[in-house]
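Topology and contacts: notes
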Amino acid sequence: HFEWQMEDCIKQKIQSLKLLSILSLLVVILQISLGGWTSANYAALACPDFPTCHNQYLPEMDLQQGFNFFQKIGPNYLGGQLESAARTAIHYSHRIGAIVTSVVLLFLIMQLVMTGYNKARRMAVVITFVLLLQLCLGISNVLFALPLAVAVAHNAVGALLLLTLVALNHRIFTANSTC
């Protein structure tokens, strides 16, 4: 039973989170898409160090080539078609996306906690845990040069983060909105 039962004063606070919960879901979808683009273009190892990339905070990047969605597709047995600067742009964009996603989700978490509603607070704890786990796995992918188990876990936890936000949105949008 997904519907949240709550007092009227809390209902208004929960209902006021609709826009933020949708935004959070969309940001996570975009970040997952960036992760897919990173993987599809063999860019996961493009930045071999952390927190820098090629020992720079702003490395050489080719965003135009990295995000050319109409690039030639064909067999390549050498790990992709793109030049290093293009792969760096993709990888770095995924890192920036992780920062943006974290900021948006941390704001959502704070708002959930401030509702004063225990079930919303529990959902905030779940989102916090999944987000921190995802960040640790992403950093581990870089530090340990993409071990298969960590890469698979990073994908799985990304899916779990998405499902958590879908569940949150469902709960917020099905909560009784009469106050």
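Structural notes, computed from the coordinates. (Residues numbered from 1 in each chain as written. Predicted model: local features only at pLDDT ≥ 70, side-chain atom pairs only at ≥ 80, totals over all residues. Heavy atoms only, no water.)

Here we come to the state of the cysteines. Applying the stated criterion across every chain yields a total of one disulfide. There is a disulfide in this structure between Cys47 and Cys53, and the S-S distance comes to 1.9 Å. Between Cys47 and Cys53, the S-S torsion sits near -70°, and that sign places the bridge as left-handed. Both residues of the pair, Cys47 and Cys53, count as buried. (Disulfide = S-S within 2.5 Å. Buried < 20%, exposed > 50% of the residue type's maximum accessible area, 1.4 Å probe, protein only.)

This part takes up helix α5 (residues 118-143). The end-to-end C-alpha separation of α5 is 37 Å, in line with the 38 Å expected for 26 residues at 1.5 Å each. Buried within α5 are the following residues: Ala120, Met123, Ala124, Ile127, Val130, Leu131, Gln134, Leu137, Ser140, Asn141 and Val142. Two residues or fewer past α5, Ala145 is found with a positive phi of approximately 60°. (Helix = DSSP H or I, 4+ residues; strand = E, 2+ residues; numbered from the N terminus. Expected span 1.5 Å × (residues − 1).)

Tracing the chain through its elements places Thr164 in helix α6 (residues 148-174). The buried category is assigned to Thr164, whose relative accessible area is 8%. Other than its neighbours up to four places away in sequence, Thr164 contacts Met123, Val126, Ile127 and Val130. (Contact = heavy atoms within 4.5 Å.)

This model, assessed by the stated rule, comprises two aromatic pairs. Centroid distance Phe67 to Phe69: 6.3 Å. Interplanar angle 65°. Geometry classified as edge-to-face. Classification of Phe67 by relative accessible area gives partly exposed; the value is 22%. Look at Phe69 and you get exposed, because its relative accessible area is 55%. Taken together, Trp37, Phe67 and Phe69 form an aromatic cluster joined through their ring pairs. (Phe/Tyr/Trp six-rings, centres within 6.5 Å; stacked < 30°, edge-to-face > 60°.)

The next subject is unusual backbone geometry. Comment: phi is negative for the bulk of residues other than glycine, and the bulk of peptide bonds are trans. Between Phe50 and Pro51 the backbone carries a cis peptide bond, its omega angle lying at 10°. The residue Pro51 is located in the loop between α2 (18-40) and α3 (63-66) in this model. You will see that His54, though not glycine, has its phi angle at about 60°, which is positive. Mapped onto the secondary structure, His54 falls in the loop between α2 and α3. Positive phi values are uncommon outside glycine, yet Asn55 reaches one of about 60°. Here Asn55 falls in the exposed class, since its relative accessible area comes to 68%.

The interhelical angle for the contact between helix α4 (residues 84-114) and α5, taken along N-to-C directions, is 165°, at an axis separation of 9 Å. In terms of their interaxial angle, α4 and α5 are classed as roughly antiparallel. The handedness of the crossing between α4 and α5 is left-handed. Contacts between α4 and α5 involve His91, Arg95, Ala98, Ser102, Leu105, Leu106, Leu108, Ile109, Leu112 and Val113 from the former and Ala120, Arg121, Ala124, Ile127, Thr128, Leu131, Leu135 and Val142 from the latter. (Axes fitted to C-alpha atoms, helices over the stretch in contact; angles between N-to-C directions. Parallel < 35°, antiparallel > 145°, perpendicular 65-115°, else oblique. Left-handed = near helix turned anticlockwise from the far one by under 90°.)

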